[in-house]
Every structure is written in C-alpha cells, then in structure tokens.
Amino acid sequence: MKILLVEDDIMIGEGLQKALRRSGYSVDWVQDGFDVEQSLESHAYCLVILDLGLPNKNGLAILQDLRKKKNDIPVLVLTARDAVSDRVKGLDTGADDYMLKPFALEELEARIRLLLRRKENKRIPLIAFGSLTLNPATHEVVYKDKKCVLSGREFSLMRVLVENPGVIYSRAQLEEKLYGWNEEVESNSVEVHIYQLRKKLGKGIIKNTRGVGYAIGECS
Ligand code: CA
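Quick look at the structure, then. Bear in mind that the values here come from a model prediction, so they are computed numbers and not experimental data.

Quick notes on unusual backbone geometry
Reasoning step 1: Note the cis peptide between Lys101 and Pro102, where omega equals -5 degrees.
Reasoning step 2: Checked against the element boundaries, Pro102 lands in the loop between strand E5 (97-100) and helix H5 (105-122).
Reasoning step 3: Its identity as a non-glycine residue notwithstanding, Asn56 has a phi of 75 degrees, on the positive side.
Reasoning step 4: A relative accessible area of 54% places Asn56 in the exposed class.

What follows is the structure in structure tokens.
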C-alpha cells in the first residue's frame, strides 16, 4: 500500500511519514504542489494525503485538476483551514475526507483504513489465482483451504506476483514496489518477506529462479 503524502511543513511531514511507515504503509513525501501530478503519473498510489497551503500550486487546485482528469484516487485533505466554507469547498472539489490540524494520529490512521476499505469494496473484492485467494480489504489469504493473515508488505508482495503470473521480478523491482523513495531498506528485506510467506503458505508458493528473481509458484 503506497501513500503519497503532500505536505510542506517539515515537522508534520517527517512525523507522518515515520508513523505511517511504522504502520506498514510505504510513503512517498512531496513538499511542492508542482510535484504532485508527476508523482501520481509515475507511481501507483492507493491514497493521497493532501495539505491545502502548498508552495507553487495549492491543494484545492491540485484536487480540482485530478478530478477533472477523472482520477478517482482517494484524497484525504489535511489542513489548518477550519472555516466551514473551506471544508465544504474541499469536499465539493472531490476530497474523500477532510481533517483539521492538529490531528490525532490514531484518528488519521482510522480514516485512512476506512478510505482504503471503501476503495477496495468498490473493486472486485477478491484476487484469485488457482487455489489461492487474496482479500485486499483484510490482507487475508486462503491457500489450499488454509487461512492466514499477512503483514502489509507481505500482502503487497504476494499481490504483485499473483497479479502478474509468469513474470519474474528481480529483488530490486520488488523493493521499488514495496518501499517509498529514500526509505531505508535492509539489503535482505525482500528475502525476509519471502521467507515468511513460504513459512505461512508453503515453500512452493514462490518460485525462485536463481540469479533472476521471483515469481508466483504453482497454485493449482
Ligand atoms: Ca502547508
């Protein structure tokens, strides 16, 4: 689950990025309104946290342009503007939710989960591949009638492989999909996730082609 955080306040940005990463999201953080569009074009995010007062292009203008282009990514506006008219304007422009600063982190995370659930429910709820079924809303996996719950990153990794059967991903490609820019990634973290997945689901779940990378295994 990759989140784009748009916030020009360094303290809030740093704190939020750290907290959300701790909760298992990968977070890319931009501070300039001009950079948002390009980030959204070059990466697949599941949600945007958007400050309104930003250098070069304000949040409302960003939101307006997004919706004009029929981009329906969930947007949670996070702002110090507390006038009712501002809130109404934000929601009318196409924000999915609106939170005022200062905010409680627990509440922000609960609202993020709600938006993501809503988004997943709008889509086909389950991803199936052979005898393997992934539930994006709950991170629950059923494989050969065995049920288990995966961590955020484990689930993201499985999802990449399952949605592209037959494709072999290198470790670097998987890292790019699982982690945000500048996020410190331990050199063996992909291997650790794969080790855990095999432990939970069985050794054959992920195929390793030596020197090339990983693909989903036989799931018949
Ligand atoms: Ca600001």
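Side note on the coordination of the calcium ion
Reasoning step 1: Those protein atoms acting as donors to the calcium ion are Asp8 (OD), Asp51 (OD) and Gly53 (O), and they sit at 2.1 to 2.3 Å.
Reasoning step 2: Positions of the donor residues of the calcium ion, expressed as sequence spacing, correspond to D-x42-D-x1-G. One end of the pair, Asp8, is in the loop between strand E1 (2-6) and helix H1 (10-22); the other, Asp51, is in the loop between strand E3 (47-50) and helix H3 (59-68), with 43 residues separating them in the sequence.
Reasoning step 3: What makes Asp8 partly exposed here is its relative accessible area of 31%.

Details of the sheet that holds strand E2 (residues 26-30)
Reasoning step 1: One open sheet accounts for five strands, arranged E2-E1-E3-E4-E5; its pairing is parallel. Of all strands in the sheet, those with a lone pairing partner are E2 and E5, marking the two edges. On average, each strand axis in the sheet is inclined to that of its neighbour by 20 degrees, with strand direction left out of account.
Reasoning step 2: Where E1 lies against E3, four bridges are found, and the strand directions are parallel. Within the sheet, the bridge partner assigned to Leu5 lies in E3 and is Ile49.
Reasoning step 3: Together, E1, E2, E3 and strand E4 (75-79) form the strand contacts of H1, whose direction differs from that of E2 by roughly 165 degrees.

Quick notes on the pairing of strand E9 (residues 146-149)
Reasoning step 1: By the bridge criterion, four bridges tie strand E8 (residues 140-143) to E9 in an arrangement that is antiparallel. Across the sheet, residue Tyr143 finds its bridge partner in E9, namely Lys146.
Reasoning step 2: Following E8, the chain reverses through two residues before pairing antiparallel with E9; Lys144 in that reversal takes a positive phi of roughly 50 degrees.

Looking at the nonpolar core
Reasoning step 1: One finds Leu132, Leu134, Leu157, Met158, Leu201, Ile205 and Ile206 to be the most contacted residues of the largest nonpolar core, which totals 26 residues.
Reasoning step 2: Here this core takes six residues from helix H6 (residues 152-163), the largest share from any one element.
Reasoning step 3: The contacts of Leu201, once residues within four sequence positions are left out, are Val141, Tyr143, Cys148 and Met158.
Reasoning step 4: Counting 19 residues, the second largest nonpolar core, distinct from the first, contains Leu4, Val6, Leu66 and Val77.

As for the sheet that holds strand E6 (residues 127-129)
Hydrogen bonds along the backbone pair up the strands of a sheet, which may run parallel or antiparallel.
Reasoning step 1: Strand order in the open sheet formed by four strands is E6-E7-E8-E9, and the pairing between neighbours is antiparallel. Where the open sheet ends on each side, the last strands, each with one partner, are E6 and E9. Each strand axis lies, on average, 15 degrees off the axis of its neighbour in the sheet, ignoring direction.
Reasoning step 2: In the packing of H6 onto the sheet, contacts are made with E6, strand E7 (132-135) and E8, and the angle to E7 comes to roughly 130 degrees.

Here's the deal with the layout of surface pockets
The gaps left among the atoms become clear once a water-sized probe is rolled over them.
Reasoning step 1: The volume enclosed by the largest pocket comes to roughly 690 Å³.
Reasoning step 2: Lining the largest pocket we find 27 residues, and of these Met1, Lys2, Ala44, Val160 and Lys177 sit closest to its centre.
Reasoning step 3: Considering every element that reaches the lining of the largest pocket, the biggest residue donor is H6, with seven residues.
Reasoning step 4: When grouped by side-chain class, the residues that make up the lining of the largest pocket number eleven nonpolar, seven polar and nine charged.

Calculation criteria
- Residues numbered from 1 in each chain as written.
- Predicted model: local features only at pLDDT ≥ 70, side-chain atom pairs only at ≥ 80, totals over all residues.
- Heavy atoms only, no water.
- Helix = DSSP H or I, 4+ residues; strand = E, 2+ residues; numbered from the N terminus.
- Buried < 20%, exposed > 50% of the residue type's maximum accessible area, 1.4 Å probe, protein only.
- Donors = N, O, S within 2.8 Å, 3.2 Å for Na, K, Ca; no water.
- Pairing = 2+ DSSP bridges.
- Axes fitted to C-alpha atoms, helices over the stretch in contact; angles between N-to-C directions.
- Contact = heavy atoms within 4.5 Å.
- Core = buried A, V, L, I, M, F, W, Y, C linked by side-chain atoms within 4.5 Å.
- 1 Å grid on protein atoms, 1.4 Å probe; cavity = no way out; pocket = protein on both sides within 12 Å on 5 of 7 lines; lining within 4 Å.
- Points joined across faces, edges and corners; volume = space filled by probe spheres on them.
- Nonpolar A, V, L, I, M, F, W, Y, C, P; charged D, E, K, R; others polar.

That's the geometry; what it means functionally is another story.
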